Amino acid sequence: MLADLALVGCYNGTLRHRTADSDRVLLASAKRNLAAMSYFGLTEFQKISQYVFEETFNLRFAVPFAQHNATVSAATLAALSPAQVARVRRLNALDLELFDFAKNLMLKRFEALKKRDSDFDYRWKHLGEVSPRSGVTEFDWDSNLEDATTEKYRGK
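Basis of the calculations
- Residues numbered from 1 in each chain as written.
- Predicted model: local features only at pLDDT ≥ 70, side-chain atom pairs only at ≥ 80, totals over all residues.
- Heavy atoms only, no water.
- UniProt positions renumbered as here; feature names shortened; annotations may be inferred.
- Helix = DSSP H or I, 4+ residues; strand = E, 2+ residues; numbered from the N terminus.
- Buried < 20%, exposed > 50% of the residue type's maximum accessible area, 1.4 Å probe, protein only.
- Core = buried A, V, L, I, M, F, W, Y, C linked by side-chain atoms within 4.5 Å.
- Contact = heavy atoms within 4.5 Å.
- Phe/Tyr/Trp six-rings, centres within 6.5 Å; stacked < 30°, edge-to-face > 60°.
- Patch = residues over 30% accessible without salt bridge, like charges linked within 9 Å, V, L, I, M, F, W, Y side chains within 5 Å.
- Areas by Shrake-Rupley, 256 points an atom, 1.4 Å probe, with all protein chains shown as cover.
- Salt bridge = Lys/Arg side-chain N within 4 Å of Asp/Glu carboxyl O.
- Expected span 1.5 Å × (residues − 1).

Per an unreviewed UniProt entry, the protein goes by the name Heparan-sulfate 6-O-sulfotransferase and belongs to Papilio machaon. Turning to the protein, the UniProt record has this under Catalytic activity (unreviewed entry): "alpha-D-glucosaminyl-[heparan sulfate](n) + 3'-phosphoadenylyl sulfate = 6-sulfo-alpha-D-glucosaminyl-[heparan sulfate](n) + adenosine 3',5'-bisphosphate + H(+)".

Given below as structure tokens:
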């Protein structure tokens, strides 16, 4: 969903079947588009994602992001044979490459932000806490967003 599908003729009817070349074009496009985004996070790295968001947009969340490491896929993966795991990895090789790219890019951004933050140790220990010391805007989804079903939102 990150790639420009027009690059391989997806919208004009010229794409008849996927090829290794068209897959590579889409992967390069997805990487380029991801790198152009001001922010993205990865669920595998909630704390780093929160820090990068807060520093990028100068907003502070009122609660820390929660890291959950147990997934349904982990249980399924444990039940697969090594041959099945190898096949899944082969079939998802481009997705795995994109994830590695995203992880490396996010970690580079994190390190760059960390390096320029003279208050990093304090900020890292207090993610999800808003204090007068931060001097930035608190962001809390629950208190800042209107319910789209309210009459006020629909203009009534």
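S.K.: Sorry if this is basic, but what is going on with unusual backbone geometry here?
M.R.: Where the residue is not glycine, phi is negative for most of them; where a peptide bond is considered, it is trans in most cases. Positive phi values are uncommon outside glycine, yet Asn58 reaches one of about 55°. As for its placement among the helices and strands, Asn58 is situated in the loop between α2 (46-57) and β1 (59-61). Look at Asn58 and you get partly exposed, because its relative accessible area is 43%.

S.K.: What am I meant to see in the nonpolar core here?
M.R.: What tends to happen in soluble globular proteins is that the nonpolar side chains get buried as a cluster. In this structure, Phe40, Ile48, Tyr51, Val52, Ala102, Met106 and Phe110 are the most contacted members of the largest nonpolar core, which totals 13 residues. Each residue touching Tyr51, except ones within four places of it in the same chain, is listed here: Phe110, Leu113, Lys114, Asp117, Phe120, Arg123, Trp124 and Leu127.

S.K.: How should the packing of aromatic side chains be read in this particular structure?
M.R.: Between two aromatic rings, the relevant description is the distance of the centres plus the angle of the planes. Counted under the stated rule, the structure contains 11 aromatic pairs. With 5.0 Å between their ring centres and 50° between their planes, Phe53 and Phe61 make a pair best called tilted. The pair formed by Phe53 and Phe61 is uniform in burial state, with each residue classed as buried. Here Phe120 and Trp124 contribute two aromatic rings whose centre-to-centre distance is 5.5 Å and whose plane-to-plane angle is 25°, an arrangement assigned as stacked. Of this pair, Phe120 and Trp124 both sit in helix α6 (residues 120-125), 4 residues apart, roughly one helical turn. An aromatic cluster is defined as three or more aromatic residues linked by ring pairs; in this entry it consists of Tyr39, Phe53, Phe57, Phe61 and Phe65.

S.K.: Sorry if this is basic, but what is going on with a nonpolar patch on the surface here?
M.R.: On the surface, a cluster of nonpolar side chains totalling about 220 Å² of accessible area is made up of Leu77, Leu80 and Val88. Its location among the elements puts Val88 in helix α4 (residues 82-91).

S.K.: So what exactly am I meant to see when it comes to the environment of Ala6 here?
M.R.: Assignment of secondary structure puts Ala6 in the segment before α1 (20-36). With 20 residues separating them in the primary sequence, Ala6 and Leu26 have C-alpha atoms 9.4 Å apart.

S.K.: Whenever I open this one, α2 confuses me. Can you help?
M.R.: Think of an α-helix as turning once every 3.6 residues; residues three or four places apart then point the same way. Helix length check: α2, at 12 residues, gives a terminal C-alpha distance of 16 Å against a target of 16 Å (1.5 Å per residue), a fit within 8%. The element α2 is largely enclosed, with a buried count of 9 among its 12 residues. When we look at burial in α2, the residues that qualify are Gln46, Ile48, Ser49, Gln50, Tyr51, Val52, Phe53, Glu54 and Glu55. Elements that come into contact with the buried residues of α2 comprise β1, α5 (93-116) and α6. Phi for Asn58, located one or two positions after α2, is positive at around 55°.

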